[in-house]
Amino acid sequence: TYIPLNIDGIEGGLIAQTAQQRPTIVYVHGRSANRMEMAPLARAMFIEGYNAVLWDGTSRQISYGPKEIEQVRRIIEFIRNDPHVVSTEIYVVGFSLGGAIAIGAAAADTEHHIRGIVADSAYADLRNVASRYVTAFGVIPKVVAWPARTIAFATARSMHEIEFENRNPADWAGQVTCP
C-alpha cells in the first residue's frame, strides 16, 4: 500500500504492508540524491519486514540541518498515526547529508519516537567538510582556495542563513538517546 505524505513541503509516501502493522524506516538521502536512490535498500528491507518512507523536500533552499531535521520530525509524527506502523518501532536511515540529518533528528527527539538510527557517511563538522570541498579534497592548496572559501561561506551565511557553528552532527551526537 502506498500512503502519500500529506505534509506541506514534503513529497513522498509510506510504503506499507496492508495485512499487518510493521516497524518502519524513514530514509533520508544525501544532498545531491533523491528518494528513488533509496528504493533498492527500501525494497530489501521491506522484504525483511519493514515499511518504508521515501520522501523529498519540495524546497530547494539549502539548510544543512534545521529545516531537514524538522521535516523528519513531521514525517515521524504523520506516520505514527498510520494503522500500518508500529509507532514504537520507527527508525531513521540516512546517507551523507541524510546521515547528518538522522543524527540531528535523533538528537532533537525528546519524545523518544525514534527507536534507532543508521547514519552512513555523515559529516562531523560542516565548516571542515565544506572547506575540503572548496580545496577539491586537498588537491587545491588552502592558500589558493582561501578566497573562494571565504566568499562561499559568506554567501551561504547571507543567502541561506547557514550558521556553520551549529550545523555539526559531532555536537548533536551527544544528545542522541537511541541506538
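Residues numbered from 1 in each chain as written. Predicted model: local features only at pLDDT ≥ 70, side-chain atom pairs only at ≥ 80, totals over all residues. Heavy atoms only, no water.

**Observations concerning the sheet that holds strand E1 (residues 2–4)**
Strand pairing in a sheet is mediated by backbone hydrogen bonds. Such pairs are either parallel or antiparallel. Rules: Whether two strands pair depends on DSSP finding at least two bridges between them. Comment: elements are numbered from the N terminus, with helices defined as DSSP H or I runs of at least four residues and strands as E runs of at least two. Helix axes are fitted only over the stretch in contact, all axes being lines through C-alpha atoms; the angle between N-to-C directions runs from 0 to 180 degrees. Pairs of residues are marked as contacts when any of their non-hydrogen atoms sit within 4.5 Å.
Sheet architecture is open: 6 strands sit in the order E1-E2-E4-E3-E5-E6, paired in mixed fashion. Two strands bound the open sheet, and with one partner strand each, they are E1 and strand E6 (114–120). Mean inter-strand twist for the sheet, computed between neighbouring axes without regard to direction, equals 20°. The sheet contact formed by E1 and strand E2 (residues 10–15) spans 3 bridges and is antiparallel. Counted as the bridge partner of Ile-3 is Leu-14 from E2. Of the strands in this sheet, E2, strand E3 (22–28), strand E4 (51–57) and strand E5 (85–95) are in contact with helix H1 (residues 39–47), which crosses E3 at around 170°. Strand contacts of helix H2 (residues 66–80): E1, E2, E3, E4, E5 and E6, with the helix running at about 155° to E5, the strand carrying the most contacts.

**Focus on the packing of helix H4 (residues 126–134) against helix H5 (residues 142–160)**
Geometry of a packed helix pair, given as the angle between the helix axes and the separation of the axes. For clarity, the threshold we go by: Note on angle classes: values under 35 degrees are labelled roughly parallel, values over 145 roughly antiparallel, values of 65 to 115 roughly perpendicular, and the remainder oblique. Take the far helix as the reference: if the near one is turned anticlockwise from it by less than a right angle, the crossing is left-handed, and if turned clockwise, right-handed. For this classification, the nonpolar set comprises Ala, Val, Leu, Ile, Met, Phe, Trp, Tyr, Cys and Pro, the charged set comprises Asp, Glu, Lys and Arg, and every other residue, Gly included, is treated as polar.
Two numbers describe how H4 lies on H5: the axes approach to 10 Å, and their chain directions differ by 130°. Considering the angle they form, H4 stands oblique to H5. As H4 packs across H5, the resulting crossing turns out to be right-handed. Contacts from Arg-127, Ala-130, Ser-131 and Val-134 in H4 reach Ala-145, Ala-148, Arg-149, Phe-153 and Arg-157 in H5. Partitioning the contact of H4 with H5 into residue classes produces 5 nonpolar, 1 polar and 3 charged.

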